[in-house]
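A look at the structure
One-letter residues, chain by chain:
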Amino acid sequence: MRLSWVVSSNAICALLPASGFAGATIEGRVELPPSHSAPVMAKRYEIVTHGGVLSTQPPLAVVYLEGSFLKPATPSTKQIAQKNFAFVPPLLPVQVGTRIEFPNLDDTYHSIFSYSPAKRFDLGRYRPDERPIPSEVFDTPGLVTLRCDIHEHMRGLILVLNTPHFVVSDLDGRFRLRGLPAGRYLLKAWIDSTTTRAQNVELKNGETAHVDFP
Amino acid sequence: MISFKRPHLWEVTSFRTKLALTIMLVIATVTAVAIYVGQGRVAANAEGDLRQKFQTELSGLDKLQELRNAALSERCRILAEKPRIHAALEDNALELLYPSAKDELRDLMESGNASSDQAVGSLHARFYRFLDGAGAVLSSPHPKDVGDLSAKAEAQLAFKRLPDTQQIGYLTEDVDRVDDAVDEVIAVPIFSTETGEVISALVVGFKPFEIANKQAGADVKSGIWADRRLHMPSLSKPAQTILSNHVTRALSHTDRAQNSFTVALDGVPQLLFYKCLNPGSLFPPAYEICVYSLADSISQQRRLRWQFGGVGVLLLLGGFVTSHFVAVRFAKPVEQLALDSERNREQRRHAEAQLISASEKLKRSTRYSADASHQLKSPLTVLRAGLEALLAHEDFKPEIYEELSTLLHQTRRLNGVIEDLLLLARLDAGHLQIQSEPVNLSQLVEEWLDDLDALPDSLDVEIQKEFPPDLYVAGAKRYISLIVQNLLENARKYNRKGGRIRVAAQTGGSEIRLAIGNTGQPIARDAQEHIFERFRPATTGATVSGHGLGLNLARELARLHDGDLKLVGSADDWTEFELRLSAAQPVVERAS
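Quick caveat: nothing in here was measured; it's all calculated off a predicted structure. (Residues numbered from 1 in each chain as written. Chains lettered and ligands numbered in written order. Predicted model: local features only at pLDDT ≥ 70, side-chain atom pairs only at ≥ 80, totals over all residues. Heavy atoms only, no water.)

1. Topic: the confidence of the model for chain B
Residues and elements named next belong to chain B. Selection rule: Per residue, pLDDT captures the predictor's confidence, and it can take any value from 0 to 100. Between two residues, a contact is recorded if the distance between any of their heavy atoms is within 4.5 Å.
Taken residue by residue, chain B gives an average pLDDT of 79. The fraction at 70 or more is 87%. Within the model, pLDDT remains below 50 along residues 1-7, and this stretch shows five contacts once partners closer than five positions in the same chain are excluded. Low pLDDT (under 50) marks residues 112-120, which in the prediction has seven contacts with non-local residues, meaning those over four places away or in another chain. In the predicted assembly, ipTM is 0.72 and pTM is 0.51.

2. Some thoughts on the environment of Gly223(B)
Residue and element names in this part refer to chain B. Cut-off, in case you're wondering: Note on conventions: DSSP H or I runs of at least 4 residues are helices, E runs of at least 2 residues are strands, and numbering of each starts at the N terminus.
Structurally, Gly223 is set in strand β6 (residues 220-226). Expressed as a C-alpha distance, the spacing of Gly223 and Leu235, which sit 12 residues apart in the sequence, is 9.4 Å. Setting aside anything within four residues of it in sequence, one finds Gly223 in contact with His231, Met232, Tyr287, Glu288 and Ile289.

3. Description of helix α2 (residues 83-90) of chain B
Applied cut-off: Categorising residues by exposure relies on relative accessible area from a 1.4 Å probe, with only protein chains included: less than 20% of the type maximum marks a residue as buried, more than 50% marks it as exposed, and the intermediate range marks it as partly exposed.
Within α2(B), seven of the eight residues are buried, which leaves the element mostly enclosed by the surrounding structure. Pro83(B), Arg84(B), Ile85(B), His86(B), Ala87(B), Ala88(B) and Leu89(B) are the residues of α2(B) that are buried.

4. Comments concerning helix α13 (residues 550-560) of chain B
Residues and elements named next belong to chain B. Judged by how many residues are buried, α13 sits mostly within the fold: eight of 11 residues are covered. Taken residue by residue, α13 has Gly550, Leu551, Asn552, Leu553, Ala554, Arg555, Leu557 and Ala558 as its buried positions. Looking at the buried positions of α13, the neighbouring elements they touch are α10 (398-428), α12 (477-493), β16 (564-570) and β17 (575-582). Looking one or two places after α13, you find Asp562, whose phi comes out positive at around 65°.

5. Points about a nonpolar patch on the surface
Heads up, the rule is: A patch consists of residues exposed above 30% relative accessible area that lack any salt bridge, with like charges linked at up to 9 Å and nonpolar side chains (Val, Leu, Ile, Met, Phe, Trp, Tyr) linked at up to 5 Å. Per-residue and other accessible areas were derived by the Shrake-Rupley procedure at a 1.4 Å probe size, with only the shown protein chains allowed to occlude residues. Here a salt bridge means any side-chain nitrogen of Lys or Arg lying within 4 Å of a carboxyl oxygen belonging to Asp or Glu.
Nonpolar side chains collect at one region of the surface, where Val33(B), Tyr36(B) and Val37(B) lie side by side and expose about 330 Å² of accessible area between them. Structurally, Val33(B) can be placed in helix α1 (residues 5-81).

And the structure:
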């Protein structure tokens, strides 16, 4: 009941900017680093560490418009599930104040915790039938690394952003942001835990700006 | 009359002294060598034993260390796999590192000081610290949980770069802690399970192992030399400083991992061993120092010296007594020997003197007879020459000629006598040397028989010859001829008218016997044994001329030739002599 309400309100929020005024649009491409490992089954992403740098495998970018935007009146709720001993999705960008639920979809215990400065929490061990679904509100911008105390290989990344305008690129690095307010902004592309690129953009209503991150 | 008492006594005494001195010298040398060798052995044995002990204890220490290091590295491996540790190290949450590790390392810090057994207590840490990726020490928000450590000591734990192997070090604290001022520190790298890189290191501090000196006795002191200081709680501070200086000097001279030297502590010599505890470590080198008292060894040496000395003295005493007895025992025969030899020497001297005087006499007499012969011969020659000159005159009366020729005959006889005397003198003086060669005796006899036949006053004697031709004897022809001449002349001279002479030869083995017999008046029985003496003419009849030297000369000459001459018999108108000479191989005559 509550879950369905969260989902529906979420859907409204997502639809709102797009269906409202014809805002500005940005599209372009982020030059992604080459894939480190052999092309895996493309559908499954995972978080890898290389020299202390966390990124997704295969590489993905999160493109977002930086600026001061109003916080939504009702905080949205999202989910990162633990399924087949992995976080799904492995990389989730959220706006500050978002509540994230961590449902356990495996038939065993998981123990989710994070030591990241942006959000430290420890959900402790719980089983799939744990109710309510353990959740945390992320109200500090930054990168949060998710770990499981029982399954050391499990990694998940949450990128907590100040902006509501963000999108995850596709495997080629292409992205499109719609319904953006007009004005001068800084457009950023998060590539891995240490690499974030930025470009200035000037947005006009009804127009589509083309920005590439080489 | 002969005074040899004094030298004999002196010699015997000196012999005794020498014998005793030699025995004492031998015993003293043997004792000294025994003491020297024995002491050397004791010292070497003691050092060997102590070295062995040190090695054993160190190897025990090594085993404990190995055990602990293995346990620690396993602990670190497991620790590195813990997601929380990882998260703390990788997610920049170092302040959560110690709280996360607290549970994991709880057993390391617990167990307290209840355990006295080192093997069990070996994993009881006094403190632990993590190093960050750069090698710097991460301070804990709750120092009580990770063990107190001064800032200076904590600074010593840092590395310039994280090591990728275990490092053992020993660190000293400024704080004047009474219990132990040295900590053994083990730094174990923590590898990321994802990247395999060294992301941190766990440094654990322990109370250092002590050389187990409970069973080794109170004479053993062990400690650790680190940071140019010696930590040996069982020693007083000044003694520690002295030892520390010694060790520092020794270490600066040799870079060997293990060595030993002798030092004096409170006047007691000590054998000091040292061995590097952390060779090849990134931490500064530290040394295990063990000091063993040599008091035992020295007292043992002293005891040995006394024992050997005592035995030596006893031996010396025994040797002295023995030498005395032996000297007396030996001295008796030596005494006798000295006496005898002195007596013998005197006797010999006496005999020599007699011999010399006899020989002098003999020489004088022979020289005299030789001189006399020469003195006689010269006037005789003058006389003969004068008589012969007178005979050459033609205006004398016939009876004067007869008288002159008789005189001449007599001078000739006299000449013969002088010749014989001369020869005898030379024989007596031993000056006569014969050159032995094969002489044809048969031929010699034939020649002389021919000469006899040619004599004018022939007695009409029949001559029987019973010898083979070419009988050879060894000798000088001149003297053999003289013997044969003498015998044959005698045989003719003492013969009767119409008598006979028999010459027979017999070969027997290596000698030849020549028998010469003649008819005539036999030699008187009581004169027979004297006929070979000088100037004893055979007393057969006054008609025969003879001077009594011929037979003597013949026998002397025969004996000179290793032969002999003897009278076989003289009775019933028959007198026979036998001449014995050595046979010789005939000379091969060469046709020329």
